[in-house]
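Residue-level listing of the chains:
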Amino acid sequence: YLFVASLILTCVGGLTLSYFVDGVTEIRMTFYLMLIGLIGMLGGAVITRGITVNGTGILHKIIGFLHAIISQVGALSKQPILFIKVMLIIGFSAGIHAAWFYQTAFILGIEVSFAGIMLATLVFRILMLVRFLPGNLGIQELMTSIVFLGAGLTLEEGLLIAVFNRAASVVLASVIGLAGLYHNFRYF
């Protein structure tokens, strides 16, 4: 449900925003590819709705995945208020994420537009759904710096912002986590 809502918000919002920012052709093409993939996935789910495949093979898993998507999209369409609330929460979260990246760039003396950072953040949030390592340590920073190329930054500037944000996240999580651990230590 959240994945489909994130894809819809990212594709529609990102495409709309990309036409107000100059020099983001790569990001615009990424949004178009994502939109084509989303439409293809939903179309495949509709086409395979009546098909059942027995077994545990790859075809069974793909059709099962497509059926799960169509049922989730059906649930989205039956509860428009819930869908709007979810979209607002996802949009608010993306805005905070973009503001964090923008503020980091500002602190480091890197000039970039907020709209460019917002576009890169939308792509980044979808890419982070793919996990290779716990926390995607190192991979997340590399992916962030590559996505920020589309926002007009250099690879080095994007990497600097990503590493700075990772360090801030670790420090923040450690401070809050240690306080929470100390507060709940009697339960261990």
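Okay, so let's go over this structure. (Residues numbered from 1 in each chain as written. Predicted model: local features only at pLDDT ≥ 70, side-chain atom pairs only at ≥ 80, totals over all residues. Heavy atoms only, no water.)

## Quick word on helix H7 (residues 155-183)
Then, in step 1: In this model, H7 (29 residues) spans 42 Å end to end at C-alpha, consistent with the 42 Å of a helix rising 1.5 Å per residue.
Then, in step 2: Buried within H7 are the following residues: Gly158, Ile161, Ala162 and Asn165.
Then, in step 3: Those residues of H7 that are buried are in contact with helix H4 (80-107) and helix H6 (139-149). (Helix = DSSP H or I, 4+ residues; strand = E, 2+ residues; numbered from the N terminus. Expected span 1.5 Å × (residues − 1). Buried < 20%, exposed > 50% of the residue type's maximum accessible area, 1.4 Å probe, protein only. Contact = heavy atoms within 4.5 Å.)

## Considering a nonpolar patch on the surface
Then, in step 1: Together, Tyr19, Phe20, Met29 and Tyr32 give the surface a local cluster of nonpolar side chains, amounting to about 470 Å² of exposed area.
Then, in step 2: Here Tyr32 lies in helix H2 (residues 25-47). (Patch = residues over 30% accessible without salt bridge, like charges linked within 9 Å, V, L, I, M, F, W, Y side chains within 5 Å. Areas by Shrake-Rupley, 256 points an atom, 1.4 Å probe, with all protein chains shown as cover. Salt bridge = Lys/Arg side-chain N within 4 Å of Asp/Glu carboxyl O.)

## Considerations on the nonpolar core
One recurring pattern in soluble globular proteins is that nonpolar side chains are buried together.
Then, in step 1: By size, the foremost hydrophobic cluster in this structure holds 33 residues, and its most contacted members are Phe31, Ile117, Phe148, Leu153 and Ile161.
Then, in step 2: Secondary-structure elements contributing two or more residues to this core are helix H1 (2-18), H2, helix H3 (58-78), H4, helix H5 (114-127) and H6.
Then, in step 3: Broken down by element, this core gets its largest block of residues, eight residues, from H5.
Then, in step 4: Residues within four places of Phe148 in sequence aside, it is in contact with Phe101, Ile117, Ala120, Leu153, Gly158 and Ile161. (Core = buried A, V, L, I, M, F, W, Y, C linked by side-chain atoms within 4.5 Å.)

## A closer look at the pattern of salt bridges
Then, in step 1: Taken as a whole and judged by the stated rule, the model has one salt bridge.
Then, in step 2: The salt bridge partner of Arg166 is Glu141, with a shortest N-O separation of 2.6 Å. Taken together, the positions of Arg166 in helix H7 and Glu141 in helix H6 put the pair 25 residues apart, joining distant regions of the chain.
Then, in step 3: Of the residues examined, Glu141 reaches a relative accessible area of 7% and is grouped as buried.

## Some details on the packing of aromatic side chains
Then, in step 1: Under the definition given, this model contains three aromatic pairs.
Then, in step 2: Pairing Phe101 with Phe124 gives two aromatic rings, centres 5.5 Å apart and planes at 85°, and the pair type is edge-to-face. Of this pair, Phe101 sits in helix H4 while Phe124 sits in helix H5, and the two are 23 residues apart along the sequence. The burial state of Phe101 is the same as that of Phe124; both residues are buried.
Then, in step 3: Plain terms: the ring middles of Phe101 and Phe148 are 5.0 Å apart, the flat faces sit at 85° to each other, and that makes the pair edge-to-face. With a gap of 47 residues between them, Phe101 in helix H4 and Phe148 in helix H6 connect regions that are remote in the sequence. Each member of the pair, Phe101 together with Phe148, is buried. (Phe/Tyr/Trp six-rings, centres within 6.5 Å; stacked < 30°, edge-to-face > 60°.)

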